[in-house]
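# Tertiary structure, described
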Amino acid sequence: MEFKTFVFYFLAAILVFAALRVITARNPVHAALYLVLAFFNAGGIWLLLHAEFLAITLVMVYVGAVMVLFLFVVMMLDINLDRLRQGFWSYLPLGAMIGILLVIEMALVLGGQYFGLEAMPAPPAPGEGYSNTREIGRVLYTDYVYPFELASLVLLVAMVAAVSLTLRKRKGTKYIDPALQVAVKREGRVELVKMQAEKE
């Protein structure tokens, strides 16, 4: 067995274990930390596939930003673990059925007979001046420019919808009108008062 194959199986085993612990851990903080471990191992597997840009993006965006935000939210909220466990057994049959379906699909994909993956040759090694970041950018902004723009519009609509759904107007809230601040004049803010001088 080559060293690269050993590293792949090692990272894949840790990834599968971390993914199982994400859904089986009782503490939400521990589940989020196991998800961070899963992201790191997925990034390592992408490095083995010569996808350095995707690996760095996964670690920087998901581990560095999204999961840190999840950890802050989970640790700041007072989560009742007993309420989270309620209804677990009622959803177990549906979850088990979906899990078995996913295992069957993965067995079909990894088997290779249905998709003809066994006959596929290994991809050629990249050349000296090859940059997968440049190739991703070229394909993304030429062949897939319309789906990319459509995805950005969908994310923009989702962001605006999330802001509008969580916006609540409260009575008695003090706010500042910038237009009134800009249009203010000295006569409206300063008043000169004449007073007699005090005598000792």
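Residues numbered from 1 in each chain as written. Predicted model: local features only at pLDDT ≥ 70, side-chain atom pairs only at ≥ 80, totals over all residues. Heavy atoms only, no water.

## Focus on the packing of aromatic side chains
- A complete count under the given rule lists five aromatic pairs for this structure.
- On the basis of an interplanar angle of 20° and a centroid distance of 6.3 Å, the ring pair of phenylalanine 6 and phenylalanine 10 is categorised as stacked. With phenylalanine 6 and phenylalanine 10 both in helix α1 (residues 3-24), this residue pair falls four residues apart, about one helical turn.
- Relative accessible area serves as the criterion here: at 46%, phenylalanine 10 is assigned to the partly exposed category.
- Summarising the aromatic geometry, the rings of tyrosine 141 and phenylalanine 148 are spaced 5.3 Å apart at their centres and angled 75° between planes, so their arrangement reads as edge-to-face.
- Under the relative-accessibility criterion, phenylalanine 148 is labelled partly exposed at 31%. (Phe/Tyr/Trp six-rings, centres within 6.5 Å; stacked < 30°, edge-to-face > 60°. Helix = DSSP H or I, 4+ residues; strand = E, 2+ residues; numbered from the N terminus. Buried < 20%, exposed > 50% of the residue type's maximum accessible area, 1.4 Å probe, protein only.)

## Quick notes on the pattern of salt bridges
- Tallied over the entire structure, the rule returns one salt bridge.
- Between arginine 138 and glutamate 135 there is a salt bridge, with the nearest N and O atoms lying 3.1 Å from each other. Within this pair, arginine 138 and its partner glutamate 135 are both found in helix α6 (residues 132-140), separated by three residues, close to a single helical turn.
- The class for arginine 138 is partly exposed, based on a relative accessible area of 45%.
- Since its relative accessible area comes to 28%, glutamate 135 is described here as partly exposed. (Salt bridge = Lys/Arg side-chain N within 4 Å of Asp/Glu carboxyl O.)

## Quick word on the packing of helix α2 (residues 28-48) against helix α3 (residues 52-76)
- Viewed as axis vectors pointing N to C, α2 and α3 meet at an angle of 175°, and their least axial separation amounts to 9 Å. Taken together, the axes of α2 and α3 lie roughly antiparallel to each other. For the pair α2 and α3, the contacting residues are Pro28, Val29, Ala32, Leu33, Leu35, Val36, Phe39, Phe40, Ala42, Gly43, Trp46 and Leu47 in the first and Glu52, Leu54, Ala55, Leu58, Val59, Tyr62, Val63, Met67, Leu71, Val74 and Met75 in the second.
- A per-class count over the contact of α2 with α3 returns 21 nonpolar, one polar and one charged. (Axes fitted to C-alpha atoms, helices over the stretch in contact; angles between N-to-C directions. Parallel < 35°, antiparallel > 145°, perpendicular 65-115°, else oblique. Contact = heavy atoms within 4.5 Å. Nonpolar A, V, L, I, M, F, W, Y, C, P; charged D, E, K, R; others polar.)

## Quick word on the nonpolar core
- Grouped together as the largest cluster of nonpolar side chains are eight residues: Ala32, Val36, Phe39, Ala42, Leu58, Val63, Met67 and Leu71.
- For this core, the secondary-structure elements that each account for two or more residues are α2 and α3.
- Beyond its immediate sequence surroundings of up to four residues, methionine 67 is in contact with Ala32, Leu35, Val36, Phe39 and Tyr62. (Core = buried A, V, L, I, M, F, W, Y, C linked by side-chain atoms within 4.5 Å.)

## Some points on the UniProt feature "transmembrane region" (unreviewed entry) in the protein chain
- Look at the UniProt record and you will see "transmembrane region" (unreviewed entry) annotated at residues 6-24, 31-49, 55-77, 89-115 and 144-167.
- Across residues 6-24, the secondary structure splits into 100% helix and 0% strand, with the terminal C-alpha atoms separated by 27 Å.
- Regarding residues 31-49, the helix share stands at 95% and the strand share at 0%, and the terminal C-alpha atoms are separated by 27 Å. (UniProt positions renumbered as here; feature names shortened; annotations may be inferred.)

## Concerning the packing of α1 against α2
- One way to put it is that α1 packs onto α2 with a least axis distance of 8 Å and a crossing angle of 155°. Considering their axes alone, α1 and α2 lie roughly antiparallel with respect to each other. Crossing handedness for the pair α1 and α2: left-handed. Listed contacts from α2 to Lys4, Val7, Phe8, Leu11, Ala12, Ile14, Leu15, Phe17, Ala18, Arg21 and Val22 of α1 are Ala31, Tyr34, Leu35, Leu37, Ala38, Asn41, Ala42, Gly44, Ile45 and Leu48.
- Looking at side-chain class alone, the contact of α1 with α2 contains 17 nonpolar, two polar and two charged residues. (Left-handed = near helix turned anticlockwise from the far one by under 90°.)

## Observations concerning the side chain of asparagine 41
- Tracing the backbone shows asparagine 41 in helix α2.
- A relative accessible area of 6% places asparagine 41 in the buried class.
- In this structure the side chain of asparagine 41 is engaged in a polar contact, spanning 2.7 Å, whose partner is the backbone oxygen of leucine 37.
- When sequence neighbours within four positions are dropped, the list of residues in contact with asparagine 41 reads Leu11, Ile14 and Leu15. (Polar contact = N/O pair within 3.5 Å; in protein donor to acceptor, adjacent residues only side chain to side chain.)

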